[in-house]
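Inside the fold
Letter by letter, the chains look like this.
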Amino acid sequence: MDGRETILFLHPTPDRYGADVALLELVRGLDQARWRPVVAVPGEGPLVALLKAAGAEVEDGPLGVLDRRTLRSPLRLLRFAINVPRAALFVRRLVRRHRPAVIHTNTAIVIGGAIGARLTRTRHLWHLHEIISHPKWAARVLARCAARLADVVVSNSRATRESFDRYSPELAARHRVVLNGVDARRLTPNHAARNDAHLGTAEARAEARRSLAVDDEAALIVLVGRVNTWKGQRLLLDAAERLRFRHPDARFLLVGDAPPGHGALVAALRTEIQARNFAGYVEHLPHQTDIGRILRAADIVVVPSTQPEPFGLVAVEAMAMGRPVIAAAHGGIVEVVDSGVTGLLFEPNDAAKLAWALQVLIEDRSRAREMGRRGRERYEAHFTSERMLREMDQIWSQLVERPFLLSDSDAQIVHFVLGKANPERLNGVNHVVHGLATAQAARGLDVSVFGITPDPAAPTPERAYDLRLFQARGSRLGLQGPLDRSLVEALNALPPTALAHLHGGYVPTMRAISRALTRRRIPFVFTPHGAYRALARQRSGLRKRLYGALYERKLVRDARAVQAFSVREGEEMTDLVDAHKVVVIPIGQDAPDNAELAALASEARELAADVRRPLYGYCGRLAAFTKGLDALLDAFALHVAGEGEGTLWLIGEGEDRAALEARARDLGIERRVAFQGARFGREKLTHLAALDVFVHPSRHEGMPTSVLECAALGRPVVVTAETNLAEAVHEAGAGIALQHADKEQLAAALAAIEREWRAGTLSCRGEAALAMVRTRFAWRDLEPLISAELYELEHHLATDHTRGAPACAPDGQRRSA
């Protein structure tokens, strides 16, 4: 490949009419230095050569097109149903061959292609160019298909959008409007050699009229469009009949062919023109490749469709040529023509009202010319191909880089966690979920936490967000049983605007939830909370490695983004996670206010009144190797042997407590080491506030919440690089950052802390630690970053961040590892 991203366009016909022209404009105008266009169409036709000339590679194959003829015939419907699997397989082959970044399904009726796009899990844009009034069941089916099969849906007008959204409210969340655009220069065959300003001049008009043998003084009224039952050709004939005797010198020109297989419609139209004795008054021409010549010759362009036009491209082409437009006031054309300014709108299906509008402009040529001039201005402001391409390019880019396309005011965020997100417990994952959900609720987001726990009926503290608890089901690694029925029902009830955030790596329950979310097309992001650190995976058993290969890879493949807490963690997970999915944002921590800090300090003095100082401490799970507690005990023994002062508190419980107690005894420091057991809530905070310094010597970690908790109490910290906090601590002067959990390094750090304690300068590090939390890790600053970079939500909610943008230390920025 040449470094460009491929867009695979799926288009239902090789013809050259409204939606075909819109596609051609996209292919011609897209930035081919960035995008590589590939177009799939069913068969050969005039559009194919034009697409190839525009630089597109064209593929020919079945796309499962549900056209009007198919809707009217049970036999054709059966053939269509048979053709859909063939179409899906064809698209799948195209995806394997071209590896598109985006599939762009052009028009609502390309059903088989859209299904194929969904099956390949390629990011999918469905571009709607139709208003389907009858049959209503078809409109309803297509609306629901668009809601389920596309990442984003684009309509060519608000009228088109509303016609589908009314059948599928869930569609609205991912539905955009991009008005079609026209390149006015392409409305003349040799545009490259001509001045764009020439297109609307009197000279250009006279030149075009001579080619059509139309008198310069005659009022020429033009209708350009396919000959069918609803484009309004017969309505225009009725209006012409009413004007015939008042304006016998007027000329009416109807331009266009019938759809393939409907040639009888053209024959019937010509027969009717002849039967009305309209020779020399009304003329029909077949489809013209140089439509600009027809429009330049016109005085008035008419769009009298008897059914709503989804957009009305010919009206924009007419405005680009500086011609006034008279149109039926329904559908997307109402968004194009500014009635009374660039043309006139009349009541649909009313020949008398159409005749009146024509009479007004025929009899007031200066007004008609002024409307044409205003129409050209309106075209340049709203309907250029450059504007359309700019908006489409943005959406293609967002699909590649920002897949959600939801606003933070629309999104309903749901966190999934094992536990209850209880802030009073020690579990770091639950602590993070609680802090993030609280910050999201404070900013006005619609946020819920779904906790999976063995005891959902047990009491839990009040929250600022909605907490729903579900029964945990027993599972073995990789062998998750069925999810609790109430959880399945809650998953199925999630709205299309839901956005899920899963927490915890190598958790079979999360894999089961991710599968349910993927089936429902609910996007989710994932935070492994350190489970993908290199050392953690190296030490994992064979079963865990097999689980990672068989199940965890599928989870991260389906995730829209994966959060790492540091650049280093992000780099370590790229063998499991695609690099473009990795988003680096640290966790947050809210610091108590000054009054609360003073109260905790008072309680802490009483708690540790008789403790030998300085007081070193650790808080968390007692896992000797993972948390580096074996090295901490060895280092403290060296410190004591060197006649160092102080006491070490180990706060928490864990599988290695007995082994650690035995190690303290063997090292002869059992009298200086106190195992405090698990502490929660206020009691835990009081124990942390009693410390002179907090030590966290992890060997592999996500980002320990206990370090930030203690720093938020104004206590200096000693950390290893594996905590992902070493750089922030060093830059802030909030403590001592070590490279590894090495007993000599740790012993030297304890000695340095004691020297500062004796000199009375340790409090300066504590103040720096508190400032670090408040300025770099406050949830109120990190939460908008998570919404923008991890969730990729468009920002609409107001914020009041008096401190401005966060520093996001050590590396709180979007980054592909």
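For the structure, check the block above.
Let us look at the structure shown here.

Criteria and cut-off values
Residues numbered from 1 in each chain as written. Predicted model: local features only at pLDDT ≥ 70, side-chain atom pairs only at ≥ 80, totals over all residues. Heavy atoms only, no water. Buried < 20%, exposed > 50% of the residue type's maximum accessible area, 1.4 Å probe, protein only. Helix = DSSP H or I, 4+ residues; strand = E, 2+ residues; numbered from the N terminus. Contact = heavy atoms within 4.5 Å. Core = buried A, V, L, I, M, F, W, Y, C linked by side-chain atoms within 4.5 Å. Patch = residues over 30% accessible without salt bridge, like charges linked within 9 Å, V, L, I, M, F, W, Y side chains within 5 Å. Areas by Shrake-Rupley, 256 points an atom, 1.4 Å probe, with all protein chains shown as cover. Salt bridge = Lys/Arg side-chain N within 4 Å of Asp/Glu carboxyl O. Polar contact = N/O pair within 3.5 Å; in protein donor to acceptor, adjacent residues only side chain to side chain.

Glancing now at helix α5 (residues 111-119). The set of residues buried in α5 consists of Ile-111, Gly-112, Gly-113, Ala-114, Gly-116 and Ala-117. In this fold, the buried residues of α5 make contact with β1 (5-10), α4 (74-98), β4 (102-106), β5 (123-128) and α6 (136-149). Where α5 ends, the next residue or the one after it, Arg-121, has phi of about 60°, a positive value.

Below, the discussion takes up the nonpolar core. Formed by 63 residues in total, the largest nonpolar core has its most connected members in Leu-688, Phe-694, Met-772, Trp-779, Leu-790 and Tyr-791. Excluding its chain neighbours within four sequence positions, the residues that come into contact with Phe-694 are Gly-617, Tyr-618, Cys-619, Leu-688, Ser-706, Val-707, Cys-710, Pro-716, Val-717 and Val-718.

Below, the discussion takes up a nonpolar patch on the surface. A cluster of nonpolar side chains, contributed by Leu-75, Leu-78 and Ile-82, occupies part of the molecular surface with about 310 Å² of accessible area. Counting through the fold element by element, Leu-78 comes out in helix α4.

Turning to unusual backbone geometry, a few remarks are in order. Backbone geometry follows two general trends: most residues other than glycine have a negative phi, and most peptide bonds adopt the trans configuration. Note that the residue after Arg-613, namely Pro-614, is joined by a cis bond; omega there is -5°. Along the chain, Pro-614 turns up in the loop between α23 (594-607) and β24 (615-619). Positive phi, normally seen in glycine, also occurs at Thr-107, with a value near 95°. By the element assignment, Thr-107 lies in the loop between β4 and α5.

Here we come to the pattern of salt bridges. Enumeration over the complete set of coordinates arrives at 50 salt bridges. Between Glu-722 and Arg-568 there is a salt bridge whose closest N-O contact spans 2.7 Å. Here Arg-568 lies in helix α22 (residues 567-572) and Glu-722 lies in the loop between β28 (717-720) and α28 (726-732), a separation of 154 residues in the sequence. Across the pair Glu-754 and Arg-758 runs a salt bridge whose closest N-O atoms are separated by 3.0 Å. In this pair, Glu-754 and Arg-758 both sit in helix α29 (residues 743-759), four residues apart, roughly one turn of the helix.

Another point: the environment of His-175. Its place among the elements puts His-175 in strand β7 (residues 175-177). With relative accessibility at 3%, the residue His-175 sits in the buried group. Expressed as a C-alpha distance, the spacing of His-175 and Phe-164, which sit 11 residues apart in the sequence, is 9.7 Å. Ignoring sequence-local partners within four residues, the contact set of His-175 consists of Leu-128, Val-153, Val-154, Ser-155, Arg-161, Phe-164 and Asp-165. Side-chain polar atoms of His-175 contact the side chain of Asp-165, separated by 2.7 Å.

Without other data, these values stay purely geometric and don't point to any function.
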